[in-house]
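# Commentary on secondary and tertiary structure
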Amino acid sequence: MIKAILVFNNHGKPRLSKFYQYFPEDLQQQIIRETFHLVSKRDDNVCNFLEGGTLIGGSDYKIIYRHYATLFFVFCVDSSESELGILDLIQVFVETLDKCFENVCELDLIFHVDKVHNILSELVMGGMVLETNMSEILTRIEEQSKLEKSEAGIIAAPARAVSAVKDMNLPQKIKDMKLPDLPNILKS
């Protein structure tokens, strides 16, 4: 089972963190730091699997990672997961991000965090792998984008209504209204 998915840059700044097992916030930050230190000090020509850090579970867990340009994609998994399967999953995740953002970079992860989490949730949910077929994932992301665009009109409706009311110049319309003379009506 996948315990955590972490993406951080070469300086250890987290760009994405998703934990599938509960850890308090401060412990999550320590796990991110420890994982960065374990992964960043390794040469590029060594194996992409290593034993989990002491905070994430030690020898019962594995850290599987890939380093692309300025980003480390790290999956912390238990011993039941296949290392090569997780490496393939990382590849699918990165290629899907690449297709969605046309040459994904660190800024895409920063400014489109919702879309990145949507893509990730199409791949993994609750620590279990859902889908590895990139075309199927891209189809679901496209459907989500279309839905968001169609709802944009509905979401923007209240703002358009407020704008229309402001354009009506209501204070002037109230002044211009012809009301009957109330004292004369009451006398009758």
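Residues numbered from 1 in each chain as written. Predicted model: local features only at pLDDT ≥ 70, side-chain atom pairs only at ≥ 80, totals over all residues. Heavy atoms only, no water.

Our focus in this paragraph is unusual backbone geometry. Phi is positive for Ala-69, close to 50°, though the residue is something other than glycine. One can find Ala-69 in the loop between β4 (61-68) and β5 (71-78). (Helix = DSSP H or I, 4+ residues; strand = E, 2+ residues; numbered from the N terminus.)

So, about the nonpolar core. The biggest cluster of nonpolar side chains holds 28 residues, and the ones touching the most others in it are Ile-2, Phe-73, Phe-75, Ile-86, Phe-93 and Leu-97. Those elements giving two or more residues to this core turn out to be β1 (2-9), β5, α2 (83-101), α4 (113-123) and α5 (134-167). Considering each element in turn, this core owes the most residues, 10 residues, to α2. Contacts of Phe-93, omitting those with residues within four sequence positions, involve Val-7, Leu-16, Phe-73, Val-116, Ile-119, Leu-120 and Leu-123. In terms of nonpolar packing, the next biggest core, distinct from the first, is built from 16 residues, Ile-31, Ile-32, Phe-36 and Val-39 among them. (Core = buried A, V, L, I, M, F, W, Y, C linked by side-chain atoms within 4.5 Å. Buried < 20%, exposed > 50% of the residue type's maximum accessible area, 1.4 Å probe, protein only. Contact = heavy atoms within 4.5 Å.)

With that settled, the discussion passes to the sheet that holds strand β3 (residues 49-51). Reading across the sheet, the five strands line up as β2-β1-β5-β4-β3 and stay open at both edges, with antiparallel pairing between neighbours. The two strands at the open ends of the sheet, each matched to only one other strand, are β2 (14-19) and β3. Shown here is a sheet whose adjacent strand axes are inclined to one another by a mean of 20°, direction ignored. When β3 meets β4, the two strands line up antiparallel, connected through three bridges. (Pairing = 2+ DSSP bridges. Axes fitted to C-alpha atoms, helices over the stretch in contact; angles between N-to-C directions.)

Right, let's get into the packing of α2 against α4. α4 packs onto α2 with a crossing angle of 140° between their chain directions and a minimal axis gap of 11 Å. Taken together, α2 and α4 sit at an angle that is classed as oblique. For the pair α2 and α4, the crossing hand works out as right-handed. Only Lys-115, Val-116, Ile-119, Leu-120 and Leu-123 of α4 make contact with α2, whose side of the interface consists of Leu-89, Val-92, Phe-93, Thr-96, Leu-97, Cys-100 and Phe-101. (Parallel < 35°, antiparallel > 145°, perpendicular 65-115°, else oblique. Left-handed = near helix turned anticlockwise from the far one by under 90°.)

Here we take up the pattern of salt bridges. Taken as a whole, this structure holds four salt bridges when the rule is applied. Ionic pairing is found between Glu-83 and Lys-62, a salt bridge with its closest N-O pair at 3.2 Å. Here Lys-62 lies in strand β4 and Glu-83 lies in helix α2, a separation of 21 residues in the sequence. The class of Lys-62 is buried, set by a relative accessible area of 13%. The shortest N-O distance in the salt bridge between Arg-140 and Glu-136 comes to 2.4 Å. (Salt bridge = Lys/Arg side-chain N within 4 Å of Asp/Glu carboxyl O.)

Before going further, it helps to spend a moment on the packing of aromatic side chains. Summed over all chains, the structure comprises six aromatic pairs. Note on Phe-36 and Phe-72: the rings are 6.4 Å apart at their centroids and 80° apart in plane angle, and the pair reads as edge-to-face. A residue pair is termed long-range when its members are at least 10 positions apart, and Phe-36 in helix α1 (residues 25-40) and Phe-72 in strand β5 qualify at 36 residues. The pair formed by Phe-36 and Phe-72 is uniform in burial state, with each residue classed as buried. (Phe/Tyr/Trp six-rings, centres within 6.5 Å; stacked < 30°, edge-to-face > 60°.)

On to the pairing of β1. Burial analysis of β1 places eight of its eight residues in the buried class, which makes it a mostly covered element. Relative to β5, β1 runs antiparallel, the two sharing seven bridges. Within β5, the position partnered with Ile-2 by the bridge is Val-77. Direction of pairing for β1 relative to β2: antiparallel, over a ladder of five bridges. Each bridged residue has a counterpart across the sheet, and for Ala-4 the counterpart in β2 is Phe-19. What sits between β1 and β2 in their antiparallel hairpin is a turn of four residues, with Gly-12 showing a positive phi close to 90°.

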